[in-house]
Amino acid sequence: MLRLELSGITKQYPGVRANDSVSLRVAPGQIHAVLGENGAGKSTLMKIAYGAVQPDAGEIRWNGRPVVIKSPEDARDLGIAMVFQHFSLFETLTAAENVWLGLGRGWTLPRVIDRVREVSHQYGLDVDPLRPVHSLAVGERQRVEIVRALLGAPELLILDEPTSVLTPPAVQKLFATLRRLSSEGCSILYISHKLDEIRSLCQHCTVLRGGKVVGEVDPKKETNASLSRLMIGSEPPELPHTERTPGEPSLEVSKLSVPKRDQFGTSLEDITFTVRSGEILGMAGVSGNGQKELLAVLSGEDTKSRPGSVKLFGRDIAGAKPQARRKHGLHFVPEERLGRATVPSLSLAENTLLTRDEVSRSGWLFPSALRDLARRLIERFNVKANGPDASARSLSGGNLQKFVVGREIDARPKVLIVSQPTWGVDVGAAAQIRGELIKLRDGGCAVLVVSEELDELFEVSDAMIVIAGGRVSPRIPTRNATVEQIGEWMSGLWPGNTVVAPRDVEASVAQA
Amino acid sequence: MLKLEPRHDPSRVMTYLSPVIALLATVLLGVCLFLALGKDPARCLEMFFVAPVKDARALGEMSIKATPLLLIGLGLSLCFRSSVWNIGAEGQFILGTVFASGVAIRATEQSSPLMVVPVLLAGMAGGMLWGAITAILRDRFNANEILVSLMLVYVAEQVLGYLVYGPWKDPDGYNFPQTVTFLDAVRVPRFAPASRANAGTALALFAVGVFWVFLHRTHAGYRLLVSGMAPAAARYAGFSARSALWTAFLVSGGMAGLAGALEVAGPVGQLTTHVPLGYGFAAIIVAFVGRLNPIGVLFSAVLMSMFYIGGELSQARLGLPRSVTGVFQGLLLFALLTCDTFINYRLRWISPS
């Protein structure tokens, strides 16, 4: 008898059919991967199984019985638990109090604390129930979520992209827990687009593309290439990568320390690194380790750092506003493309004005000049948009990203800083963006790529640095680096880093 | 079960049609209201939509009501576009009347007719000063501008009351709380003796053009727009949120002050406690009904002034209560918000399964 059987599930959203007659069969104790690109319909399908979204058509069977799951409460009563990609924890409460909130009446806090200790001990999930959530690292927060899910002794656990916030050692630890759960008979639905992980963890894999099931395979018998073909429907594009000798220092950060601005921020401590012209420097690190704060200092959104700590071609720019930095050739692509890199309700033409100051002349705007620029960007960077008057919010994530990256590349920067260049972007667009970055480097631009995706950094960068706990590691040429080593560095364990990073507890886990 | 569902692509046409539909809905609701009150709806509607525009004299009266609404509405639309919530235009209007009067009562028989210019400038300065108080509290101490600007309205009323009951009281005014009547040199010139319409209306129409150019054709207007719509994008681009705050308060305060100056130096001709009629609050509706767009604000100011006149006429001629004006304004805003919701959402019937 199957634990969960979805058949003919269809869900139509305005403008997109997220699930088109999808079927999924999960056996008891099975670790079942759901693989697909961003937008393939994975999350919608899981929300349907968890009762958070109602399907337009289709049937759900639970342990052989047809059921209607009207709400997450229904799902939990049946024995289905879910850990979301974005955590739903209150930062000011302790771990135990957060767990308590999700439980029914009749639980006392001391009993919850005992149960959390029991469950975390049983599954090797290191969680201190009395610590407030804001003091926890991302990996710890995830463990709180998992403990919360396990408290109801579920028969099916759904995990949505659980490793996107973890260092490689922490991923291995999570996998050990999941294997153990599976051996005890709990089924696991594991949603991911990371092929290596699926091949090492999962016993069965359902591949989604464009809302439809395009394959059901045993991932252990597949290669990355064959899974990737199934997922994107074509060969993954190759990037030409040639060695180059880097030129002069372009962007220099020296002894930069910035105290954290709020309780939940990260302090930057004694950061020193240099980006040279004609090189791509990759910055690895789990998010929340100071990237946001460092990028604000580099972009000019935060101009309160010590004078002399940031230099552009030898000129001190620590106190310069973003406009002044752009004038001297420094451009920046932030992680949030909608709302920060663009104004959602304005047209693409109007959005060019955010960073392309040269389009307006002595304070006056000429709509035709804006439109011409937007049209040029759309053509040059192959953006699928309804012309220069289309609003930024009407574009898909990948196309908007191409537009934003294109807007900055087209400005012919001498230094370009890009944060998460391909986050949430489909494989084709990602390859195009990476290709553009390499082209820019070949033209002599200094490029700093900040990313959580190690694969991406290994693919594009000439050298790498790692940020952990607000500190930055020494640089290492990419050809000498290994994933294992960078993974350790992501926990703050690089030679010479004497201070154990405060927000990084994965360090102790990695050593254990 | 009824459910609101987001639309995939909201219609652009409906954004502009929405105020028209809202107006029709208001008329319809108004008819129901008049029937319920036992009045002839046709006669009532005539008071609101025909009487205010039937001849030159009526149009002149309408221009007197529409001018302050338009001036304040323009300033507020710029303010609201940059997400700065100035609710206290009424207070800035009052300070405008006070400052303008302070200059105007100093006029003598020998004063040049150009003295009306400093009167208007003083009014603008008064409004800007009152706006600046809120801006500085917001800027320095992060005070909530909605509360501060609103409470300053009541402070402004006290300032006005103190002056007309005290130092500025007309010694020959039979102890009424009012200043002397202003001399002609400091009165806003009229177009024709038969109508009360004056040069202030031309000024307001000119301001429509200036605001449109500023918002749509200058980088400064664009910066203001961006800091209102997406503060993170403004920071990213390097546009200062502080300068947006100050621009918004100084411009909207100045416009409200100018409206106040035109009111005392125009139709009223002296400062009394009855000068503030709530234009500063009505202009909030004017700004939103006009889609925060200068051209739209022009139309909505005209519409709102018709409501004012219609309300007065139906009170005088049909015996309707005075509050009918406020009810009509409220109905219009309510209908507009409803219509706007349907631009972005649709109503779906979901059968509870």
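Residues numbered from 1 in each chain as written. Chains lettered and ligands numbered in written order. Predicted model: local features only at pLDDT ≥ 70, side-chain atom pairs only at ≥ 80, totals over all residues.

## Some details on the overall build of chain A
At step 1: When helices and strands are counted, chain A shows 17 helices and 21 strands.
At step 2: Against the 2.2 N^0.38 benchmark of 24 Å for 512 residues, chain A shows a C-alpha radius of gyration of 24 Å, consistent with a compact globule.
At step 3: Once the C-alpha set of chain A is aligned to its principal axes, its extents read approximately 70 × 50 × 45 Å.
At step 4: Per-residue burial over chain A gives 47% buried out of 512 residues.
At step 5: Of all intrachain contacts in chain A linking residues separated by at least 6 positions in sequence, the fraction that spans at least 24 positions is 66%. (Helix = DSSP H or I, 4+ residues; strand = E, 2+ residues; numbered from the N terminus. Rg over C-alpha atoms; globule rule 2.2 N^0.38 Å. Buried ≥ 20, exposed ≤ 12 C-beta atoms within 10 Å, placed from the backbone. Contact = placed C-beta atoms within 7 Å.)

## A word on the overall build of chain B
At step 1: Looking only at helices and strands, chain B features 13 helices and two strands.
At step 2: Taking 2.2 N^0.38 as the reference for a compact globule, 353 residues should give roughly 20 Å; the C-alpha atoms of chain B span a radius of gyration of 22 Å, in line with that estimate.
At step 3: Per-residue burial over chain B gives 48% buried out of 353 residues.
At step 4: Across chain B, the fraction of contacts at a sequence separation of at least 24, relative to all contacts at a separation of at least 6, is 79%.

## Some points on helix 13 (residues 324–344) of chain B
All names here are of chain B.
At step 1: When the terminal C-alpha atoms of helix 13 are compared, their 31 Å separation across 21 residues agrees well with the 30 Å that a helix rising 1.5 Å per residue should span.
At step 2: Within the sequence span of helix 13, burial applies to V324, T325, F328, Q329, L331, L332, A335, L336 and C339. Each buried residue of helix 13 sits inside an arc of 160° when the element is viewed along its axis, so together they form one side.
At step 3: Of the surrounding secondary structure, the elements contacted by the buried residues of helix 13 are helix 1 (12–36), helix 11 (279–289) and helix 12 (294–318). (Expected span 1.5 Å × (residues − 1). Arc of directions from axis to C-beta.)

## What about the sheet that holds strand 1 (residues 4–13) of chain A?
Within a beta sheet, neighbouring strands are joined by backbone hydrogen bonds and run either parallel or antiparallel to one another.
Residue and element names in this part refer to chain A.
At step 1: The sheet built from four strands is open, its strands ordered 2-1-4-5 with antiparallel pairing. Looking at which strands have only one partner, the edges of the open sheet turn out to be strand 2 (16–26) and strand 5 (65–67). Ignoring strand direction, the axes of neighbouring strands in this sheet form an average angle of 25°.
At step 2: In this sheet, strand 2 lies alongside strand 1 in antiparallel orientation, the contact comprising seven bridges. Residue pairing across strands places E5 opposite R25, the latter belonging to strand 2. (Pairing = 2+ DSSP bridges. Axes fitted to C-alpha atoms, helices over the stretch in contact; angles between N-to-C directions.)

## A short note on the packing of helix 8 (residues 219–229) of chain B against helix 10 (residues 241–268) of chain B
Residues and elements named next belong to chain B.
At step 1: Relative orientation of the contacting elements helix 8 and helix 10 amounts to 105°, with a least axis distance of 10 Å. When the axes of helix 8 and helix 10 are compared, the pair comes out roughly perpendicular. Every residue of helix 10 that contacts helix 8 at R223, L224 and S227 is listed here: A241, A244 and T247.
At step 2: Considering only residue class, the contact of helix 8 with helix 10 consists of three nonpolar, two polar and one charged. (Parallel < 35°, antiparallel > 145°, perpendicular 65-115°, else oblique. Nonpolar A, V, L, I, M, F, W, Y, C, P; charged D, E, K, R; others polar.)

## With respect to the domain arrangement of chain A
Quoted interface sizes are often the accessible area lost when the parts come together.
Residues and elements named next belong to chain A.
At step 1: For chain A, the assigned domains are domain 1 (4–232), domain 2 (249–329 + 413–511) and domain 3 (341–411).
At step 2: With centres defined by C-alpha atoms, the gap from domain 1 to domain 2 works out at 32 Å.
At step 3: Contacts between domain 1 and domain 2 engage 19 residues on the former and 19 residues on the latter.
At step 4: Among the elements of the structure, helix 5 (138–151) and helix 6 (168–183) are those that each provide at least two residues to the side of domain 1 that touches domain 2.
At step 5: Among the elements that line the side of domain 1 that touches domain 2, the one with the most residues is helix 6, at four residues.
At step 6: Looking at the side of domain 1 that touches domain 2 residue by residue, the classes come out as eight nonpolar, six polar and five charged. (Domains from an automatic or database assignment.)

## Focus on the interface of chain B and chain A
At step 1: Contacts between the two partners involve 19 residues from chain B, matched on the other side by 26 residues from chain A.
At step 2: Elements represented by at least two residues in the side of chain B that touches chain A include exactly helix 8 and helix 9 (231–237) of chain B.
At step 3: Residue composition of the side of chain B that touches chain A, by class: 10 nonpolar, five polar and four charged.

## Regarding unusual backbone geometry
At step 1: One non-glycine residue with positive phi stands out, namely Q420(A), at about 45°.
At step 2: If you trace the backbone, Q420(A) turns up in the loop between strand 17 (415–419) and helix 14 (427–442).
At step 3: Residue R291(B) is not a glycine yet carries a positive backbone phi of 60°.
At step 4: Residue position: R291(B) is located in the loop between helix 11 and helix 12.

## Focus: the environment of K255(A)
All names here are of chain A.
At step 1: In this fold, K255 is placed in strand 11 (residues 249–258).
At step 2: You can call K255 exposed: it has 11 C-beta atoms within 10 Å.
At step 3: On a C-alpha basis, the gap between K255 and Q401 in space is 32 Å, while along the polypeptide they are 146 residues apart.
At step 4: Those residues in contact with K255, other than ones at most four positions away along the chain, are D270, T272 and S309.

## Some remarks on the pairing of strand 3 (residues 31–35) of chain A
Residues and elements named next belong to chain A.
At step 1: Within strand 3, five of the five residues are buried, which leaves the element mostly enclosed by the surrounding structure.
At step 2: Residue alternation in strand 3 divides its side chains into two sets, I31, A33 and L35 and H32 and V34, and both sets are buried.
At step 3: As judged from the five bridges shared by strand 3 and strand 8 (residues 187–192), these two strands associate in the parallel manner. The residue of strand 8 that forms the bridge with H32 is L189.
At step 4: Alignment of strand 3 against strand 9 (residues 204–209), held across four bridges, turns out to be parallel. Residue pairing across strands places A33 opposite C205, the latter belonging to strand 9.

## What about the nonpolar core?
All names here are of chain B.
At step 1: Ranked by internal contacts, the top residues of the largest apolar core, which has 240 residues, are I72 and A265.
At step 2: Among the elements that make up this core, the one with the highest residue count is helix 10 (13 residues).
At step 3: What I72 contacts, discounting residues up to four positions off in sequence, is A89, F93, M255, A256, A259, Y279, G280 and A283. (Core = buried A, V, L, I, M, F, W, Y, C linked by C-beta atoms within 7 Å.)

## Brief notes about the sheet that holds strand 12 (residues 268–276) of chain A
At step 1: With antiparallel pairing, four strands are arranged side by side in an open sheet as 12-11-14-15 (chain A). Both outer strands of the open sheet, strand 12 and strand 15 (315–316) of chain A, are each paired with one neighbouring strand and no more.

## Considering helix 14 of chain A
For an α-helix, 3.6 residues make a turn, and residues three or four places apart therefore share a direction.
Residue and element names in this part refer to chain A.
At step 1: In this model helix 14 runs 23 Å from its N-terminal to its C-terminal C-alpha over 16 residues, within 8% of the 22 Å that 1.5 Å per residue would give.
At step 2: Listed as buried for helix 14 are A429, A430, Q432, I433, R434, L437, I438, L440 and R441.
At step 3: Where the residues of helix 14 are buried, they touch strand 13 (280–284), helix 13 (397–409), strand 17, strand 18 (446–450) and helix 15 (454–460).
At step 4: Looking one or two residues beyond helix 14, the residue adopting positive phi is G444, at roughly 100°.

## Considering the confidence of the model for chain A
At step 1: Here chain A averages 87 in pLDDT, while 96% of its residues score no lower than 70.
At step 2: The model gives residues 501–512 of chain A a pLDDT under 50, and that stretch makes 35 contacts with residues more than four places away or in other chains. (pLDDT = per-residue confidence, 0-100.)

## Re the environment of E184(A)
All names here are of chain A.
At step 1: Within the secondary structure, E184 is located in the loop between helix 6 and strand 8.
At step 2: Judged by the 11 C-beta atoms lying within 10 Å of it, E184 falls in the exposed class.
At step 3: When the C-alpha positions of E184 and K384 are compared, they lie 48 Å apart, and in sequence the two are 200 residues distant.

## Observations concerning the confidence of the model for chain B
For residues with low pLDDT, the predicted coordinates do not support detailed interpretation.
All names here are of chain B.
At step 1: When pLDDT is averaged along chain B, the result is 91, and 98% of the positions lie at 70 or above.
At step 2: Strand 1 (residues 2–6) is the least confidently modelled element of chain B, averaging 78 in pLDDT, while helix 4 (residues 89–104) averages 97, the highest of any element.
At step 3: As scored by the predictor, the complex reaches a pTM of 0.80 and an ipTM of 0.80.

## Quick look at the packing of helix 4 of chain B against helix 5 (residues 116–141) of chain B
All names here are of chain B.
At step 1: Orientation of helix 4 relative to helix 5, taken along the N-to-C sense of each, is 145°, at an axis distance of 7 Å. Crossing of helix 4 over helix 5 shows right-handed handedness. Between helix 4 and helix 5, the contacting residues are G91, Q92, F93, L95, G96, T97, V98, F99, A100, G102, V103 and A104 on the first element and P118, V119, L120, A122, G123, M124, A125, G126, G127, L129, W130 and G131 on the second.
At step 2: When its residues are assigned to classes, the contact of helix 4 with helix 5 shows 15 nonpolar, nine polar and no charged. (Left-handed = near helix turned anticlockwise from the far one by under 90°.)

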